[in-house]
Amino acid sequence: MTPRSDTHNSTAPDDRPVNNNSAATDDRPATGNTHSAEAAIDLDRFADIRPYHDEEVEAVLARLAHDSELLDAITRFRLPRLARFAPPLARALASFRLQREMRGVKTVRDLQLRIADYMAHMISHTTRGFTVEGLDRLASDQAYLFIGNHRDIAMDPAFVNYALYSEGHDTVRIAIGDNLLQKPFVTDLMRLNKSFIVPRSVKGKRAMLAAYQSLSGYIRHSITDDNHSVWLAQREGRAKNGIDRTDSAIVKMLCIARRLEEGDSEIGSAVRELKIVPVSISYEYDPCAINKARELHAKETDGAYEKVEFEDIFSIVAGITGDKGRVKLKFGTPLPGDFDNADQVAEEIDRQVLENYSTFPSHQLALAETGLAPELVDLTGVTPEDRERFQAQLAKVPETLRPWWLLQYANPILNRAGKARPQDA
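Everything numeric here is computed off the predicted structure, so don't read it as measured data.

1. Structural notes on the packing of helix H6 (residues 108-126) against helix H7 (residues 155-166)
The geometry of H6 relative to H7 is characterised by a closest axis approach of 11 Å and an angle of 105 degrees between their N-to-C directions. With respect to each other, H6 and H7 are oriented roughly perpendicular. In this structure, H6 contributes Gln 112, Ala 116, Met 119, Ala 120, Met 122 and Ile 123 to the contact, and H7 contributes Met 155, Ala 158, Phe 159, Asn 161, Tyr 162 and Tyr 165. Considered class by class, the residues forming the contact of H6 with H7 number 10 nonpolar, two polar and no charged.

2. Describing the side chain of Thr 75
Relative to the helices and strands, Thr 75 is located in helix H3 (residues 68-78). For Thr 75, a relative accessible area of 2% corresponds to the buried category. A distance of 2.9 Å separates a polar atom in the side chain of Thr 75 from the backbone oxygen of Asp 72. Ignoring sequence-local partners within four residues, the contact set of Thr 75 consists of Pro 80, Ala 83, Ala 90, Arg 91 and Ala 94.

3. A short note on unusual backbone geometry
You will see that Lys 275, though not glycine, has its phi angle at about 55 degrees, which is positive. Inspection of the secondary structure puts Lys 275 in the loop between helix H11 (267-274) and strand S6 (276-283). Backbone geometry at Ala 373 places phi at a positive 45 degrees, although glycine is not the residue there. Following the sequence through the fold, Ala 373 ends up in the loop between helix H15 (361-370) and helix H16 (384-395).

4. Brief notes about the sheet that holds S6
Sheet strands associate in pairs through backbone hydrogen bonding, adopting either a parallel or an antiparallel arrangement. Read from one edge of the open sheet, seven strands run S1-S7-S6-S2-S5-S3-S4, paired in mixed fashion. Two strands close off the open sheet at either side, each with one partner strand: strand S1 (127-133) and strand S4 (195-198). Across this sheet, the average inter-strand angle for adjacent strands is 25 degrees, counted without regard to direction. Direction of pairing for strand S3 (residues 173-177) relative to strand S5 (residues 230-233): parallel, over a ladder of two bridges. The partner of Ile 174 across the bridge, within S5, is Trp 231. Where helix H10 (residues 248-262) meets the sheet, its contacts fall on strand S2 (145-148), S5 and S6, and the angle it forms with S5 comes to roughly 145 degrees.

5. Considerations on helix H17 (residues 402-416)
Taking 1.5 Å per residue, 15 residues should reach 21 Å; H17 reaches 22 Å between its end C-alpha atoms and fits that length. The principal kink in H17, of about 45 degrees, is found at Ala 410, preceding the proline Pro 412 by one to four residues. Judged by how many residues are buried, H17 sits mostly within the fold: 12 of 15 residues are covered. Those residues of H17 lying buried are Trp 404, Trp 405, Leu 406, Leu 407, Gln 408, Tyr 409, Ala 410, Asn 411, Pro 412, Ile 413, Leu 414 and Asn 415. Elements in contact with the buried residues of H17: helix H12 (289-302), helix H14 (342-356), H15 and H16. Directly after H17, the chain includes Gly 418, whose backbone phi takes a positive value near 75 degrees.

About the cut-offs
Residues numbered from 1 in each chain as written. Predicted model: local features only at pLDDT ≥ 70, side-chain atom pairs only at ≥ 80, totals over all residues. Heavy atoms only, no water. Axes fitted to C-alpha atoms, helices over the stretch in contact; angles between N-to-C directions. Helix = DSSP H or I, 4+ residues; strand = E, 2+ residues; numbered from the N terminus. Parallel < 35°, antiparallel > 145°, perpendicular 65-115°, else oblique. Contact = heavy atoms within 4.5 Å. Nonpolar A, V, L, I, M, F, W, Y, C, P; charged D, E, K, R; others polar. Buried < 20%, exposed > 50% of the residue type's maximum accessible area, 1.4 Å probe, protein only. Polar contact = N/O pair within 3.5 Å; in protein donor to acceptor, adjacent residues only side chain to side chain. Pairing = 2+ DSSP bridges. Expected span 1.5 Å × (residues − 1). Bend = angle between axes of the 7 residues up to and from the residue.

Structural measurements only, silent on function.
Written as structure tokens, this is what we have:
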């Protein structure tokens, strides 16, 4: 993998970035000259949300190698018996293995080269093929804001990154909600892999406004100053019901920075400079589908769903290690600037996402199983093997959860045809 390094004249005097919220409402445009003192100060306003820079990598890795919570998490997964009967020894072995695996990693690029090897292994062992379309229409030396549908916490941007890397493009900076950063070691791991933090837990209108001004500024800075692409989900959270819809509030957030820094409130100008590219990802099978069905069932029957501790972390592990069948990723075309409002932008993103979404036999078989919209069912090309795999997956689903499990696969077809239930969106 050959990602661009995240090196700037930043910031923190020790191995953790300093917090500097004072510039969250700073309307000065970034200079783009990272060699000047003024640019360094400008960049430092993003210190509490940005990914780690190259000069921070070694210190963060050293900290992680001795983080007891991370080591416990590793040993529970890789050394469960030893972790149960001899926790100190298990942690010591995990620490040694982690330090050995990370030997020689001094930059973000070094780390992502290692991740590329793991991705190749994961694809060969947990998928029946990964295909990519549309990337040949995008320039490898140009930064884009990729806005994608969201099905898996970690794998959606990981597949985007692997596709970009394989075709000689730089990898993306990844937007990740602070609700996922439940432990310091999770924050470290994410920020080492070029993730930046989206505020979801901020309380109060003024604090939230400042947080989104900072977020908007960082995304704009990344695209227009750093020429570094960004991946962002089209709405908060995964589309657990299989209905992909763009939240226009996200579009409005993206336009804040240009309005503050340039005094330009034209939404078309902001969209044009960000070079927004819709991205569609589809999985033949979702390793987290049963858990999603359980959440949807609870919300409909009980009115609420309470997550267990670290549930999102468990979902990340399941998404990485679980069977995904075939995976298809398709890049759309950059949005033009002829929009009058955020709703129009969201509609165009939705149009491209749905048009480019690839369905598999699992989607058609699920739709047939529901009995909904039989006129949309197309079983042409569905093989006996496809049916057998589908029935094997369905057999794992508790009877009470099957309607919600089936709709996750049926809804992409219904949504494209405008027949998804409005209350499910």
